[in-house]
Amino acid sequence: MPNYQLVYYNRRGRAELCRLIFHAAGVPFEDIRLDHTKGEWPGEWKAKCPFGQLPVLVVDGKMLAQSKAAARYLAREFNLAGKTSWDQARADMFIDEFDDISTEVYKFASEKDEAKKAEMSEKFYNETLPRHIGYLENLLKENNGGNGYLVGDSLTWAGLGIANVYDLLGGTDAPFAKFPLLLALVKRVRENPKVAEYLKTRAQTSF
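Everything numeric in this text was worked out from a predicted model, so none of it was measured.

(A) Looking closely at the layout of surface pockets. Counted as a void, the largest pocket has a volume near 380 Å³. Gly-13, Arg-14, Ser-102, Tyr-106 and Asn-164 are, among the 22 residues lining the largest pocket, the residues nearest its centre. Only helix 1 (16–25), helix 2 (67–77), helix 3 (85–109) and helix 5 (157–168) provide two or more residues apiece to the lining of the largest pocket. Residue classes in the lining of the largest pocket are distributed as nine nonpolar, seven polar and six charged.

As structure tokens, then:
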């Protein structure tokens, strides 16, 4: 088996989907979390990274940058990408949608003006997010009535992706309250034995 290292900061952020994939697959890896306060970033790492940024996945000494590229590679390696080319494309579609949601969260989370931040957050939770989650609920329903997974009949990185979005949104049921099928899917993914063990023991970070 290859030697895997995942390099990021001590937060969930853009590396968490890769971590979830590793743990769901039961594949060991070195979770390298760099500490700004100790000079570990940029340190020796920035010059090594293909685009001078994190996260990076290191496989037997070879580096792969960009979080979605790394997660997609791992999903394919560990049979979590989808069983057919169509399922794989659908999983990619969902991952891109989750990225759109995440981008909206990062916009208001990084806003310095507190009044503007509050306004952006309110619009996101009252308008933008319900629209996106509504789309996802309907698409889930199209797959075996919504009682299984987003893609195919087994766990894929798309399922891990929606569980990751759940955490990004604060780890509470409230944003999903009007979308019972999607919330039930999140619970199924989080209750997967390997995923549940990771969630129980992972480092507690704010983001």
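(B) Region of interest: the packing of helix 3 against helix 5. Interaxial distance between helix 3 and helix 5 falls to 9 Å at its minimum, and their mutual angle equals 15°. The angle between helix 3 and helix 5 falls in the class roughly parallel. Pair helix 3 / helix 5 crosses with left-handed handedness. From helix 3, Ala-91, Asp-92, Phe-94, Ile-95, Phe-98, Ile-101, Ser-102, Val-105 and Tyr-106 reach across to helix 5, where they touch Trp-157, Ala-158, Gly-161, Ile-162, Val-165 and Leu-168. Class assignment for the residues of the contact of helix 3 with helix 5 results in 12 nonpolar, two polar and one charged.

(C) Structural view of the nonpolar core. Among the nonpolar cores identified, the biggest contains 68 residues, and Ile-21, Leu-160 and Ile-162 are the most heavily contacted of them. Leaving out residues up to four positions away in the same chain, Ile-21 has contacts with Ala-71, Leu-74, Ala-75, Phe-78, Leu-80, Trp-157 and Leu-160.

(D) Layout of the packing of helix 3 against helix 4 (residues 114–142). One way to put it is that helix 3 packs onto helix 4 with a least axis distance of 9 Å and a crossing angle of 170°. In this view, helix 3 runs roughly antiparallel relative to helix 4, as classed from their interaxial angle. Listed contacts from helix 4 to Arg-90, Met-93, Phe-94, Glu-97, Phe-98, Asp-100, Ile-101, Glu-104, Val-105, Lys-107, Phe-108 and Ala-109 of helix 3 are Lys-117, Met-120, Ser-121, Phe-124, Tyr-125, Thr-128, Leu-129, His-132, Leu-136, Leu-139 and Glu-142. Counted by class, the contact of helix 3 with helix 4 contains 13 nonpolar, three polar and seven charged residues.

(E) Up close: the pattern of salt bridges. For the coordinates displayed, the defined rule picks out 15 salt bridges. Between Asp-96 and Lys-68 there is a salt bridge whose closest N-O contact spans 2.7 Å. With a gap of 28 residues between them, Asp-96 in helix 3 and Lys-68 in helix 2 connect regions that are remote in the sequence. Classification of Asp-96 by relative accessible area gives partly exposed; the value is 34%. Residue Arg-202 is joined to Asp-167 by a salt bridge in which the shortest nitrogen-to-oxygen separation is 2.7 Å. One end of the pair, Arg-202, is in the segment after helix 7 (193–201); the other, Asp-167, is in helix 5, with 35 residues separating them in the sequence. In this structure Arg-202 comes out as buried when scored by relative accessible area, which is 13%.

(F) Molecular detail of the packing of aromatic side chains. Following the criterion strictly, the structure yields 12 aromatic pairs and no others. When the ring of Tyr-9 is compared with that of Trp-41, the centres are 6.0 Å apart and the planes differ by 85°; the resulting orientation is edge-to-face. Of the two residues, Tyr-9 is situated in strand 1 (residues 4–9) and Trp-41 in the loop between strand 2 (30–34) and strand 3 (56–59); the sequence distance between them amounts to 32 residues. Since its relative accessible area comes to 13%, Tyr-9 is described here as buried. An aromatic cluster of three or more residues is present, and its members are Tyr-4, Phe-22, Phe-29 and Phe-78. Cation over ring: Lys-48 sits above Trp-45, and NZ or CZ is 4.9 Å from the ring centre.

(G) Spotlight on the sheet that holds strand 3. Taken in spatial order, the four strands make up an open sheet running 2-1-3-4, and their pairing is mixed. Looking at which strands have only one partner, the edges of the open sheet turn out to be strand 2 and strand 4 (62–65). Each strand axis lies, on average, 20° off the axis of its neighbour in the sheet, ignoring direction. Pairing of strand 3 with strand 4 involves four bridges; the strand directions are antiparallel. When the bridges of strand 4 are listed, Val-59 appears paired with Lys-62.

(H) Expanded view of the side chain of Thr-205. In this structure, Thr-205 sits in the segment after helix 7. A distance of 3.4 Å separates a polar side-chain atom of Thr-205 from the backbone oxygen of Phe-207. Apart from residues no more than four positions distant in its own chain, Thr-205 is found in contact with Asn-10, Arg-11, Arg-12 and Arg-33.

What counts and what doesn't
Residues numbered from 1 in each chain as written. Predicted model: local features only at pLDDT ≥ 70, side-chain atom pairs only at ≥ 80, totals over all residues. Heavy atoms only, no water. 1 Å grid on protein atoms, 1.4 Å probe; cavity = no way out; pocket = protein on both sides within 12 Å on 5 of 7 lines; lining within 4 Å. Points joined across faces, edges and corners; volume = space filled by probe spheres on them. Helix = DSSP H or I, 4+ residues; strand = E, 2+ residues; numbered from the N terminus. Nonpolar A, V, L, I, M, F, W, Y, C, P; charged D, E, K, R; others polar. Axes fitted to C-alpha atoms, helices over the stretch in contact; angles between N-to-C directions. Parallel < 35°, antiparallel > 145°, perpendicular 65-115°, else oblique. Left-handed = near helix turned anticlockwise from the far one by under 90°. Contact = heavy atoms within 4.5 Å. Core = buried A, V, L, I, M, F, W, Y, C linked by side-chain atoms within 4.5 Å. Buried < 20%, exposed > 50% of the residue type's maximum accessible area, 1.4 Å probe, protein only. Salt bridge = Lys/Arg side-chain N within 4 Å of Asp/Glu carboxyl O. Phe/Tyr/Trp six-rings, centres within 6.5 Å; stacked < 30°, edge-to-face > 60°. Lys NZ or Arg CZ within 6 Å of the ring centre and 35° of its normal. Pairing = 2+ DSSP bridges. Polar contact = N/O pair within 3.5 Å; in protein donor to acceptor, adjacent residues only side chain to side chain.

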